[in-house]
Amino acid sequence: MAIEKMSLVNILGSMDELDAALERCCRSGGFHIEPAFSPGEARGRLLNDKNCYTALLKRTAKLASDCGVTPVETDCRSLEGERAEDLEKRLESLEQELDVIRQTMQDADSRISELTAAAKHIKHLKGMNSDFQQLFSCKHVSVRIGKLPIGNYPKLEYYNDNFFFIAFESTKNFCWGMYFCPEDDKERVDDLFRSMYFERVILPRYVSGNADEASKKIADEIAQQEEIVKETEEKVGAFRKENEERIQQLFSRLLFLNRSFDLRKKVGAVSSGFGAKHFIIKGFVMKKQEKEFAKLFDDLETVDVSFLPPDADSGCTPPTVLKNSFLTRPYTMLVEMYGLPEYGGINPTAFVAITYTLLFGIMFGDLGQGLVLLLAGILLGKKLGPKAGGIVRRVGLSSMIFGTLYGSFFGYEEILDPVFEKLGVDFLPLKVFKQTNFILITAVGIGIGLILISMLINIYAGFKKKDYEKAIFGCNGICGLIFYGSVITGVVATVMFDVKIMSAPFVICLIVIPLICIFCRVPFSAAVKYKKWQLSEDGEPMTVGGFIVENFFEMFEFLLSYVSNTMSFLRVGGFVLSHAGMMLVVMTLMDGMSAVGKPMVLVIGNLFVMAMEGMIVAIQIIRLEFYEMFSRFYDSGGKPFEPIDLSFSSQIEQ
Amino acid sequence: MLKGYSMNATVAKIRAIHGKMFTAAQYHELLLKGSVSECAEYLAQSPRYKDVFRDTDPNTIHRGYLEELLHQQMYDTYVRICEFQQLDQVPYYRFLIGRGEIDSILLMINNINSGLENSFLVNLPGHMIKRARINVLEMSRAESFDELLSVLKGTIYYKPLSKVRVDASGKAEYTDCELALRKSYFETLLEYVDKDFNGSEQKEIEDIIYFEIDTMNIINAYRMKKYFGYSSERIKQSIITISGKPVGKLAEYFEIEDPDQMMAWISRSRYGKSHRETDIIETIIVSSRYQWLNHVLASTVSAPVALYAFMRLCAVEISNIVSIIEAVRYGADAAAVEKDMLIF
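Residues numbered from 1 in each chain as written. Chains lettered and ligands numbered in written order. Predicted model: local features only at pLDDT ≥ 70, side-chain atom pairs only at ≥ 80, totals over all residues.

**Section: the pairing of strand 7 (residues 174–182) of chain A**
Residue and element names in this part refer to chain A.
(1) Moving on: Within strand 7, seven of the nine residues are buried, leaving the element largely enclosed by the surrounding structure.
(2) Moving on: Alignment of strand 5 (residues 141–149) against strand 7, held across nine bridges, turns out to be antiparallel. Looking at the pairing, Gly-146 lines up with Gly-177 of strand 7.
(3) Moving on: Where strand 6 (residues 164–170) meets strand 7, six bridges bridge the pair, whose relative direction is antiparallel. Note on strand 7: the bridge partner recorded for Glu-169 is Trp-176.
(4) Moving on: Between the antiparallel neighbours strand 6 and strand 7 lie three residues. (Buried ≥ 20, exposed ≤ 12 C-beta atoms within 10 Å, placed from the backbone. Helix = DSSP H or I, 4+ residues; strand = E, 2+ residues; numbered from the N terminus. Pairing = 2+ DSSP bridges.)

Okay, structure coming up:
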């Protein structure tokens, strides 16, 4: 239940070595940076310089995209020590080389789009047999080509103006064609056509010949231009082949520098005597990595690294790193889902790992299905990540163990009977439907046990934090533990074993007094901690009546939660029965099938039960963990440990 | 013919299309556009108008053409609904085409009176040419009211127009023509209703038509009083009345001498229930009608009622969009435009 110990690090050095210091912080892979100064602090200010690498990085990304290079992390140590100006020169030389090739391609592309637009218009003028150039060069006749809304086409016949319109093609909404009019009447006729929403199309000068000839010429030229594009693409390919490594190195280096420059926003600047400027970087490293971390800065002359206790600076909250073994590590996923504990709090991962695995096995006990889960966990580990895969593997194994105890193998409940007979174990396998009461009572018993353990953890955590209300007087503290334990003991002894232990002294000492302590937990804990009497937690004035009413309802809630949380564990037994019941349905269905259908029903039935029930059981246990157990002892609110990392993949091994 | 034949599918279809109508939020978004092209782009991407804008280029579209496309969309929707269960075979369901025909005739009368060459052809919506039952293009050749009448001979519009007084120059008063045509339109429509429908459905359709006549009369009477100082008698002669149906509750309104009192009367009546904070009578009346039609459309199970209500709502929607596009085009204040729009 441990949390990794942290150290507060102060790195102080000359401004000249800031980049190198930041680079080493990143390289360490375990440095969690914090702002060096709080806003308004008089000792110094945070650096807020303009990032000179952003523009260069964008240009490099564009260069990479233009020549079809996908940036990947590349060893760029050869560029270490180069300044922004040097890197820009490298970039410029690559850009110039590529620009020469790409200019030809851009010219060809723009010519193709121009030609395609012209071809699109000419396509609508199919059947026009005169030469466009000849038509446009007429001295006394004006020609206009374009499209007229189809609804207005019949109107043309009713105009008495001096023009004629030749229609070439009609679409749903437009009629394509050209009109002719005397040069002198051009303006009036143009106005008339404009009033009918005629949209004129201006053909480029190079369009010559009739419509068919023009189309052919344009198609030929498009083909020529496409050939140029193809040749240029080959040249770009050659450029890529020749320069890919240089581009990748440049990109990786600039990306690193750009990100490390962004980190400067958390770096403080302090002035020392004689006008010299120094930087200060503040952050956290794991205590066990102190020496290794300090060693990274040995070669920097002006840089000094000092380690302090994690709570040395009140402005910085230490981050939380959960310390877990190989067996429990995957379950950090569930703990993080609820929220990390505060630094110095309790790491509940081991508790979750044990209870989750145990409960899953009980609720989903089947040797065969557990084996499938185990195998699925191995495969899922590669697809969904090591944590999800790890949990599935562990619960699969637990399911196999409990499946063996239940004698269940893919729904066959008698298949393991001979094995146990041969071993001489007569109390196994556990026949679920024959021992229903035992299963349900055991489930509640497990629940009681887990609730009591949760209370014990809470007491430990309370004492650790010197929170006496939590540890002694709270409903999950010592008083709560005595009350809950005594009531359970009394009920079990009286009902199950017929032992009359609920005597007056037992009730007064172990039930009534703890209840009074819980009722008065606020004034009692204040008396212990501050040696003074107060009814409210924050010392605000409160009447005795108000105190009684408030605590009466809270007591009611506490008592109700003891009962409901205990009964909630009935679901563990319920799912044991439900799992066996569902498999019984599969077996019944199978009985009614032919020889071919039976294996199909068996496989589909098992897959269905595994998918549906596996999912429900997983969710129900999370619910039990979070509501019935975590709520008794766990305080989230911790800060995640986020080591700075400037590599492409930001996953950090913890 | 259609008695006993379920029109529930048509009602459901109308409600489905009604669900795609522009909301106040969409009007607001449209109003925030910077140019007509951006408005066209927005409309072209909306589920309601994307079909009609399919082949158009929002960057080059003319504002007038954009408005024409909006009207075309309304007619396309109307035709699609009518063809869905062959309702177009019933005379009543030609009510929207009839309205378009009257607008075309009035456009031509205005053209003749103003003497503007070609203005009729320029303003005639292209989609009316193929949909109208009269030869609208042939009307463009008329140079006088008599020539127009000869083109319209044999149509239902000849009789009402032939009664209109013509002056010495061969021109007919526009407002007289409009009154005659609108009166004839509603009378004919009510005759169709009487013939094709019965019971509560007939009553429901008549209600919706009379409500529209009343709102038109209320607006016209207010304008005549406020801007031209017409007497009550003159107003009564200039409003739409239906044979056998007296002006009824509105008689009291037409007697009011002061336009402000007229407005007060409106605010107390069912025609002014929009509670819009504006002094523009069209906004007040049409907003009330818009609310009422929405209510009718939501509650009715009758296809003719639903279609009539829906088409009137579409007209309001187009009017709003056109106002917004004009506002965007001329850089009007968005808040002021929104205040006077006909939306609820």
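On we go.
**Side note on the interface of chain B and chain A**
(1) Moving on: Opposite the 14 residues of chain B that make contact, chain A presents 14 residues.
(2) Moving on: Elements supplying a minimum of two residues to the side of chain B that touches chain A: helix 4 (63–84), helix 6 (119–123) and helix 7 (126–131) of chain B.
(3) Moving on: If one sorts the elements of the side of chain B that touches chain A by residue count, helix 7 of chain B sits on top with three residues.
(4) Moving on: Here the residues of the side of chain B that touches chain A are counted per class, giving five nonpolar, seven polar and two charged. (Contact = placed C-beta atoms within 7 Å. Nonpolar A, V, L, I, M, F, W, Y, C, P; charged D, E, K, R; others polar.)

**Section: the packing of helix 16 (residues 281–299) of chain B against helix 17 (residues 303–329) of chain B**
Residues and elements named next belong to chain B.
(1) Moving on: In contact at an axis separation of 9 Å, helix 16 and helix 17 are set at 145 degrees when each is read in the N-to-C sense. Between helix 16 and helix 17 the crossing geometry is left-handed. On helix 17, the residues that touch Val-286, Tyr-290, Leu-293, Asn-294, Val-296 and Leu-297 of helix 16 are Val-305, Ala-306, Ala-309, Phe-310, Arg-312, Leu-313 and Val-316.
(2) Moving on: Looking at the contact of helix 16 with helix 17 residue by residue, the class counts come to 11 nonpolar, one polar and one charged. (Axes fitted to C-alpha atoms, helices over the stretch in contact; angles between N-to-C directions. Left-handed = near helix turned anticlockwise from the far one by under 90°.)

**A look at the nonpolar core**
All names here are of chain B.
(1) Moving on: Ranked by internal contacts, the top residues of the largest apolar core, which has 95 residues, are Ile-218, Ala-221, Ala-306, Ala-309 and Ile-324.
(2) Moving on: By residue number, the principal contributor to this core is helix 17, which donates 14 residues.
(3) Moving on: Discounting chain neighbours no more than four positions away, the residues touching Ala-221 are Ile-235, Ile-239, Tyr-253 and Phe-254. (Core = buried A, V, L, I, M, F, W, Y, C linked by C-beta atoms within 7 Å.)

**A short note on unusual backbone geometry**
Residues and elements named next belong to chain A.
(1) Moving on: In this structure, Phe-410 takes a positive phi of about 50 degrees despite not being glycine.
(2) Moving on: Position of Phe-410 relative to the elements: it lies in the loop between helix 11 (386–406) and helix 12 (417–423).
(3) Moving on: Backbone geometry at Asp-498 places phi at a positive 55 degrees, although glycine is not the residue there.
(4) Moving on: If you trace the backbone, Asp-498 turns up in the loop between helix 15 (478–496) and helix 16 (504–519).
(5) Moving on: Overall, Asp-498 belongs to the exposed group, with 7 C-beta atoms counted inside 10 Å.

Function cannot be read off these values alone, since they describe shape.
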